[in-house]
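# A look at the structure
Residue strings, one per chain:
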Amino acid sequence: MAYGVHRYQSLQNTVKQSFKASGVTKIRNVDQQLAQKKPVSILLMGTDTGALGRTFQGRTDSMMVVTINPKTNKTTITSIPRDTAVNIPGYESQSPAKINAAYAWGQSKTAITTVQKMLNVPIDFYAIINMGGMEKIINEVGGVTLKPTLSFSYGGYTFKKGVTTHMNGKKALAYARMRDDDPLGDYGRQTRQRKVIMALLNKSNSISTLLNQDFVSSLSKQTQTDLTFNDLTALAQNYRAATKHIKTTHLQGTSQTIDAQSMEVASKSELQRVTNFIRKGLSLSHATTGKIAIMTGSDGTTTDGTTTTADSTQNDQNNGGGNF
């Protein structure tokens, strides 16, 4: 009994090492959401660091909004291209910019605020993991099995289209990171990243396997999150079944050169589609998309979606522009 209590407390203390508050005032009462087993959202960000001994500084290599809904027993994963053109809140003088600059400029607080305002959705939690951390997670669950959607070689590994392949951490990361040889470019890479995450979530033994002291200790240095130990415990106990049924999508833009930079610009209808997708995953009512994205108009020209009226700006500051 005493050993069990000590182990529990040690694990709890270790998880605290990864905790870092975002500095964002939560739009919703997240404790209440979890206590009442209501759907929650997590902004999952990945950095191309860790394996080389680097830190979390820099731009996010990937960004996904994950919703987990225990009421419908469904999970959604929405990729946001790192080159998506936005006006980053608090950094208007440096905007428009690519959305992956949000984290580089203002860390998790700015990244969360940017996503909330761009898509008019609440972000309840965030988690950022570097390359080395993802490799450890995949290895700890015994690897993942995937069926490549195209043939290519990358990072010393060769992948063959349609051939079911079991991958350890390094191989799975190589599969997820390749971009230049994919006909779909970064969109193709996003699809492979989502497939790796889906395969990871579908590992039936992942929760029990991951909650061991040695693993959590090694991983704590390579992850940052505002999920507490109690939050993670609630997710493991009450939200696990929802990760077995996953729907995915991505924000689709068109390549345009803005201020001498190649960016991905989405149409207003595409932004609205993604807003609808995420809000449905959270069982939220319909609301118009956010106001800070750079978007294409009906005539194909680029327009600045930033709201300038006092009422609209205040509404965005209070709740992201929607009913949460």
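Structural notes, computed from the coordinates. Please read all numbers here as calculations on a predicted model, not as lab measurements.

Basis of the calculations
Residues numbered from 1 in each chain as written. Predicted model: local features only at pLDDT ≥ 70, side-chain atom pairs only at ≥ 80, totals over all residues. Heavy atoms only, no water. Helix = DSSP H or I, 4+ residues; strand = E, 2+ residues; numbered from the N terminus. Buried < 20%, exposed > 50% of the residue type's maximum accessible area, 1.4 Å probe, protein only. Contact = heavy atoms within 4.5 Å. Pairing = 2+ DSSP bridges. Axes fitted to C-alpha atoms, helices over the stretch in contact; angles between N-to-C directions. Polar contact = N/O pair within 3.5 Å; in protein donor to acceptor, adjacent residues only side chain to side chain. Phe/Tyr/Trp six-rings, centres within 6.5 Å; stacked < 30°, edge-to-face > 60°. Lys NZ or Arg CZ within 6 Å of the ring centre and 35° of its normal.

Moving on, we get to the environment of methionine 45. The topology assignment puts methionine 45 in strand β1 (residues 40-47). Its relative accessible area of 1% is what places methionine 45 among the buried residues. Separated by 84 residues in the primary sequence, methionine 45 and isoleucine 129 have C-alpha atoms spaced 6.5 Å apart. Residues in contact with methionine 45, not counting those within four places in the same chain, are Thr60, Ser62, Met63, Tyr103, Ser108, Ala111, Tyr126, Ala127, Ile128 and Ile129.

Quick look at the sheet that holds β1 now. Picture the strands of a sheet paired through backbone hydrogen bonds; they go either parallel or antiparallel. Within the open sheet, the six strands sit side by side as β11-β6-β1-β2-β3-β12. Their pairing is mixed. Each end of this open sheet is capped by a strand with a single partner; those strands are β11 (223-225) and β12 (246-250). Direction aside, neighbouring strands of the sheet carry axes that sit 15° apart on average. Where β1 lies against strand β6 (residues 125-130), six bridges are found, and the strand directions are parallel. The residue bridging threonine 47 from the neighbouring strand is asparagine 130, located in β6. The strands that helix α6 (residues 186-201) touches are β1, β2 (62-69), β3 (74-79) and β12; relative to β12, the one it contacts most, it runs at about 160°.

Right, let's get into the side chain of arginine 192. Mapped onto the fold, arginine 192 is located in helix α6. For arginine 192, a relative accessible area of 1% corresponds to the buried category. Side chain to side chain, arginine 192 and aspartate 182 meet in a polar contact 2.9 Å long. Those residues in contact with arginine 192 that sit more than four places away from it in its chain are Leu150, Phe152, Tyr175, Ala176, Arg177, Met178, Arg179 and Asp182.

Its place among the elements puts serine 79 in strand β3. Of the polar contacts made by the side chain of serine 79, one reaches the side chain of arginine 194; its length is 2.8 Å. Ignoring any residue separated from it by four or fewer positions in sequence, one finds serine 79 in contact with Met63, Met64, Gln190, Arg194, Thr249, His250 and Leu251.

Once that is clear, we can look at helix α4 (residues 131-140). Burial within α4 is extensive, with seven of its ten residues counted as buried. Every buried residue of α4 is accounted for by Met131, Gly132, Gly133, Met134, Glu135, Ile137 and Ile138.

Looking now at the packing of aromatic side chains. Counting across every chain of the model gives four aromatic pairs. Ring geometry for tyrosine 91 versus tryptophan 105: centroids 5.5 Å apart, planes at 40°, classification tilted. Taken as a pair, tyrosine 91 in the loop between β4 (85-86) and β5 (97-98) and tryptophan 105 in helix α3 (residues 101-119) lie far apart in primary sequence, 14 residues in all. Looking at tyrosine 91, the relative accessible area reads 22%, which means it is partly exposed. Accessibility expressed as a relative area gives 25% for tryptophan 105, which makes it partly exposed. Centroid distance phenylalanine 152 to phenylalanine 159: 4.9 Å. Interplanar angle 35°. Geometry classified as tilted. Given a relative accessible area of 2%, phenylalanine 159 falls into the buried group. In this structure an aromatic cluster arises from ring pairing among Phe152, Phe159 and Tyr175. For arginine 192, the ring lying beneath its charged end belongs to tyrosine 175, and the centroid distance is 5.9 Å.

Distances and angles like these do not, on their own, reveal function.
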